Amino acid sequence: SAVISQKPSRDICQRGTSLTIQCQVDSQVTMMFWYRQQPGQSLTLIATANQGSEATYESGFVIDKFPISRPNLTFSTLTVSNMSPEDSSIYLCSGQVGGKTFFGQGTRLTVV
Amino acid sequence: DQQVKQNSPSLSVQEGRISILNCDYTNSMFDYFLWYKKYPAEGPTFLISISSIKDKNEDGRFTVFLNKSAKHLSLHIVPSQPGDSAVYFCAASANRGSTLGRLYFGRGTQLTVWP
């Protein structure tokens, strides 16, 4: 199994500002994933982050809005830029270890 | 376009009874299916999975059934316990070897088990 530590667990931010979410894995993982869960919705994949290469973004998500870093095999960050109230959501990182996908605790973001 | 659907947003079951959570999918390329459980303020935790080469997988009180022709899977919890109260997400992946870890999720079903 793997433990993924994600922080912050929650934050309230002013519109127009940016927030960086960090995820630390206790194992080396090749691919990490960032998801968003809006109220009443399923988990939606934002992007896939591989170490040493640019993240791959899903339709509807762009690098300027959600820049991602992946400096090594155990760490990744997601930045939510120029936030608006529509960005209020739960953000989750995940990684696969031993054929199973594990998740961080999630970051509950509220933009006011 | 929702490729994985959980049409019941909530389910309420008495303790000791069976809980049945349902999930439908549309993409015939999906070959691996998973169930996750999520408590408030926590990330989803893996519960049980099934490969498309099987039609049933059992782990203790949890059994997942897969009906490929109907593109339907279900999670059975027997007996249900109050601690099972959580949101359950159905997830699927396609071509598991090449898109490792990329999961498609349903919207979740809130299970409440009452004493």
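Nothing here was measured: the structure is a model prediction, and the numbers come from that model.

A short note on the state of the cysteines
All names here are of chain A.
- A complete count under the given rule lists 2 disulfides over all chains for this structure.
- With a sulfur-sulfur separation of 1.7 Å, C23 is cross-linked through a disulfide to C93. Judged by the sign of its S-S torsion, about -85 degrees, the cystine formed by C23 and C93 is left-handed. Separated by 70 residues along the polypeptide, C23 in strand β3 (residues 19–25) and C93 in strand β9 (residues 89–97) bring together distant segments of the chain.
- Taking the relative accessible area as the measure of exposure, C23 reaches 0% and is therefore buried.

Some words on the pattern of salt bridges
- A full pass over the atoms with the stated rule returns 2 salt bridges over all chains.
- A salt bridge links A:D87 to A:K65; the nearest nitrogen and oxygen atoms lie 2.6 Å apart. Of this pair, A:D87 sits in the loop between β8 (75–80) and β9 while A:K65 is found in the loop between β6 (56–57) and β7 (68–72), placing the two residues 22 residues apart along the sequence.
- Between B:R61 and B:D84 there is a salt bridge, with its nearest N and O atoms 2.8 Å apart. Taken together, the residues B:R61 in the loop between β6 (56–59) and β7 (62–67) and B:D84 in the loop between β8 (72–77) and β9 (86–94) connect sequence positions 23 residues apart.
- On the basis of relative accessible area, B:D84 is assigned to the buried category, the value being 2%.

What to know about the interface of chain B and chain A
- With 17 residues of chain B at the contact, the number on the chain A side is 18 residues.
- In total, about 1,600 Å² of surface goes out of reach between chain B and chain A, with carbon and sulfur atoms giving 55% of it.
- Of all residues in chain B, B:R102, B:F105 and B:R107 bury the most surface against chain A, accounting for 29% of the area lost on that side.
- Summed over the shared surface of chain B and chain A, the number is 0 salt bridges.
- When its residues are assigned to classes, the side of chain B that touches chain A shows 8 nonpolar, 4 polar and 5 charged.

A look at the pairing of strand β4 (residues 30–38) of chain B
Residues and elements named next belong to chain B.
- Taking burial as the measure, the 9 residues of β4 include 8 buried ones, the bulk of the element.
- Note: β4 against β9, 8 bridges, orientation antiparallel. Directly across from F30, in β9, lies its bridge partner A94.
- Where β4 lies against strand β5 (residues 45–51), 6 bridges are found, and the strand directions are antiparallel. Across the sheet, residue K37 finds its bridge partner in β5, namely T45.

Things to note about the environment of A:Q14
All names here are of chain A.
- Mapping Q14 onto the fold places it in the loop between β2 (10–13) and β3.
- Accessibility expressed as a relative area gives 52% for Q14, which makes it exposed.
- Sequence separation between Q14 and K100 is 86 residues, and the spatial gap between their C-alpha atoms is 36 Å.

Some words on the packing of aromatic side chains
- As enumerated under the stated definition, the model contains 12 aromatic pairs over all chains in all.
- When the ring of A:F61 is compared with that of A:F66, the centres are 5.6 Å apart and the planes differ by 65 degrees; the resulting orientation is edge-to-face.
- For A:F61, a relative accessible area of 9% translates into the label buried.
- A:F66 sits in the buried class, given a relative accessible area of 3%.
- Taken together, a centroid distance of 5.3 Å and an interplanar angle of 50 degrees make the contact between B:F30 and B:Y104 tilted. Separated by 74 residues along the polypeptide, B:F30 in strand β4 and B:Y104 in strand β10 (residues 104–105) bring together distant segments of the chain.
- Classification of B:F30 by relative accessible area gives buried; the value is 4%.
- Relative accessible area serves as the criterion here: at 25%, B:Y104 is assigned to the partly exposed category.
- Connected via pairs of aromatic rings, a cluster forms that spans A:Y35, A:F103, B:Y36, B:F46, B:F89 and B:F105.

What counts, and at which threshold
- Residues numbered from 1 in each chain as written.
- Chains lettered and ligands numbered in written order.
- Predicted model: local features only at pLDDT ≥ 70, side-chain atom pairs only at ≥ 80, totals over all residues.
- Heavy atoms only, no water.
- Disulfide = S-S within 2.5 Å.
- Helix = DSSP H or I, 4+ residues; strand = E, 2+ residues; numbered from the N terminus.
- Buried < 20%, exposed > 50% of the residue type's maximum accessible area, 1.4 Å probe, protein only.
- Salt bridge = Lys/Arg side-chain N within 4 Å of Asp/Glu carboxyl O.
- Contact = heavy atoms within 4.5 Å.
- Buried area = accessible area lost by both parts, 1.4 Å probe.
- Nonpolar A, V, L, I, M, F, W, Y, C, P; charged D, E, K, R; others polar.
- Pairing = 2+ DSSP bridges.
- Phe/Tyr/Trp six-rings, centres within 6.5 Å; stacked < 30°, edge-to-face > 60°.

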